[in-house]
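Tertiary structure, described
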Amino acid sequence: MSNPWLSVEPPCPEWCRNGAEHLANMIRQRGGGQYFHRGEATVIVTDDVTHNFDPVEVEIHLMQRVEMDARGVFMHPPTVEIGEHSFDLDRAREVAARIVALADRAQLAARE
């Protein structure tokens with residue numbers, strides 16, 4: 001079994017939008033030895049409203065947690081973040097497929 005810890009931190013993934021903020025993120029977490037690669041957010045306005053009748057928005061973006069300690073750097077697999085929820089890539093594809101299937105089903109029912 002290979003060692004998942006890398007001796008050198010790899011460059012950010014091409015989708016990462018944090019750039020120089022990685023160090024600031026680590027400092028904010030009190031030197032916790034971890035930071036996140038964060039992709040650009042896509043904001044989707046839902047059909048819901050707040051108690052002030054403002055539209056409710058859901059943010060979707062890619063995220064990848066990175067840990068650093070004496071062993072080196074450990075890159076966790078990227079995830080898709082939807083609001084407060086995190087999905088591995090396979091589960092994100094499953095969620096997307098189910099949303100499309102539900103929308104198709106509702107559209108067919110509306111035509112009847």
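Up top you'll find the structure we're talking about.
Residues numbered from 1 in each chain as written. Predicted model: local features only at pLDDT ≥ 70, side-chain atom pairs only at ≥ 80, totals over all residues. Heavy atoms only, no water.

**Details of the overall build of the chain**
On a plain count of helices and strands, the chain comes out with two helices and six strands. A total of 112 residues make up the chain; the buried ones form 22% of that total. In the form shown here, the chain has an accessible surface area of approximately 8,600 Å², with 56% of it arising from carbon and sulfur atoms. (Helix = DSSP H or I, 4+ residues; strand = E, 2+ residues; numbered from the N terminus. Buried < 20%, exposed > 50% of the residue type's maximum accessible area, 1.4 Å probe, protein only. Areas by Shrake-Rupley, 256 points an atom, 1.4 Å probe, with all protein chains shown as cover.)

**Side note on the environment of Thr42**
Here Thr42 lies in strand S2 (residues 42-49). Note: C-alpha distance between Thr42 and Val58 (16 residues apart in sequence) is 8.3 Å. Discounting residues that sit within four places of it in the chain, Thr42 has contacts with Val58, Glu59 and Ile60. (Contact = heavy atoms within 4.5 Å.)

**Considering the pairing of strand S1 (residues 34-38)**
With burial as the criterion, only one face of S1 is covered, namely that bearing Tyr35 and His37; the residues Gln34, Phe36 and Arg38 on the opposite face remain uncovered. Looking at chain direction, S1 and strand S3 (residues 55-69) are connected through five bridges and run antiparallel. The partner of His37 across the bridge, within S3, is Gln64. (Pairing = 2+ DSSP bridges.)

**Regarding the pattern of salt bridges**
Pairs may arise between side chains of opposite charge once their charged atoms sit close together. With the rule as written, the count across this model stands at seven salt bridges. When the shortest N-O distance is used, the salt bridge between Arg17 and Glu40 registers 3.5 Å. With a gap of 23 residues between them, Arg17 in the segment before helix H1 (21-28) and Glu40 in the loop between S1 and S2 connect regions that are remote in the sequence. Overall, the relative accessible area of 57% leaves Glu40 in the exposed class. With its nearest N and O atoms 3.0 Å apart, the salt bridge here joins Glu94 to Arg98. With Glu94 and Arg98 both in helix H2 (residues 89-111) and four residues apart, this pair spans about one turn of that helix. Through salt bridges with shared partners, a single ionic network connects Arg91, Glu94 and Arg98. (Salt bridge = Lys/Arg side-chain N within 4 Å of Asp/Glu carboxyl O.)

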